[in-house]
Amino acid sequence: MKAKAHPPLSSAWRGEVEGRSIGSEVSIIFNALAVCGEGPGLHRHPYAETFILRKGIVTFVIGAEVIEARAGQILVAPAGVAHSFRAKSERVEMIDIHASPRFVTEWL
């Protein structure tokens, strides 16, 4: 089997790739948030989503929990659990791993 490569993202820390486009079972979002309060609204997926916080501070809502996370922390939103997050610092870099070869999002 020949390895597949995704074209380079537009910048080092912003963009996304659906796994199915490169033969992978996971999809990835590279988040770069530059404004306090920036982030997606409440949503959920039929699969788990793992967040790797590389830089900054982010407030997550995962189900009934509110978690203030800092660089170096890893969080998981289980399958079917509503979640959202907001930048609490001006510079946030985060990798979001979707346990699916394609993105499936239900906005709430």
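Predicted model only: the values in this text are computed from it and were never measured.

Undergrad: I'm lost on the packing of aromatic side chains in this one. Help?
TA: The description of two aromatic rings rests on the distance between their centres and on the angle between their planes. Inspection of the entire model under this criterion finds three aromatic pairs. Both rings, one in Phe60 and one in Phe85, keep their centres 5.6 Å apart while their planes meet at 45 degrees; by these two values the pair is tilted. Note that Phe60 is positioned in strand β5 (residues 57-62) and Phe85 in strand β8 (residues 83-87), a separation of 25 residues in sequence. Neither Phe60 nor Phe85 differs from the other in exposure class; each is buried. Each member of the aromatic cluster is reached from another via a ring pair, and the members are Phe51, Phe60 and Phe85.

Undergrad: What exactly am I supposed to notice about the nonpolar core here?
TA: For soluble globular proteins, the rule of thumb is that nonpolar side chains tend to be buried together. The biggest cluster of nonpolar side chains holds 13 residues, and the ones touching the most others in it are Phe51, Phe60, Phe85, Val92 and Met94. Elements with a contribution of two residues or more to this core: β4 (49-55), β5, β7 (74-77), β8 and β9 (92-98). Look past the residues within four positions of Phe51 in its chain and what remains in contact with it is Phe60, Gln73, Ile74, Leu75, Ala77, His83, Phe85, Met94, Ile95 and Asp96.

Undergrad: Mind showing me how you'd approach the environment of Ser89 here?
TA: Structurally, Ser89 can be placed in the loop between β8 and β9. Judged by relative accessible area, Ser89 falls into the buried class, the value being 15%. With 32 residues separating them in the primary sequence, Ser89 and Ile57 have C-alpha atoms 5.3 Å apart. Polar side-chain contacts of Ser89 include one of 2.9 Å to the backbone nitrogen of Ile57.

Undergrad: I would appreciate a short explanation of the pattern of salt bridges in the present structure.
TA: Oppositely charged side chains may form a pair once their charged atoms are brought near each other. Summed over all chains, the structure comprises five salt bridges. The shortest N-O distance in the salt bridge between Arg70 and Glu68 comes to 3.2 Å. Overall, the relative accessible area of 45% leaves Arg70 in the partly exposed class. Under the relative-accessibility criterion, Glu68 is labelled partly exposed at 36%. One continuous salt-bridge network, built from bridges that share partners, spans Glu68, Arg70 and Lys88.

Conventions and cut-offs
Residues numbered from 1 in each chain as written. Predicted model: local features only at pLDDT ≥ 70, side-chain atom pairs only at ≥ 80, totals over all residues. Heavy atoms only, no water. Phe/Tyr/Trp six-rings, centres within 6.5 Å; stacked < 30°, edge-to-face > 60°. Helix = DSSP H or I, 4+ residues; strand = E, 2+ residues; numbered from the N terminus. Buried < 20%, exposed > 50% of the residue type's maximum accessible area, 1.4 Å probe, protein only. Core = buried A, V, L, I, M, F, W, Y, C linked by side-chain atoms within 4.5 Å. Contact = heavy atoms within 4.5 Å. Polar contact = N/O pair within 3.5 Å; in protein donor to acceptor, adjacent residues only side chain to side chain. Salt bridge = Lys/Arg side-chain N within 4 Å of Asp/Glu carboxyl O.

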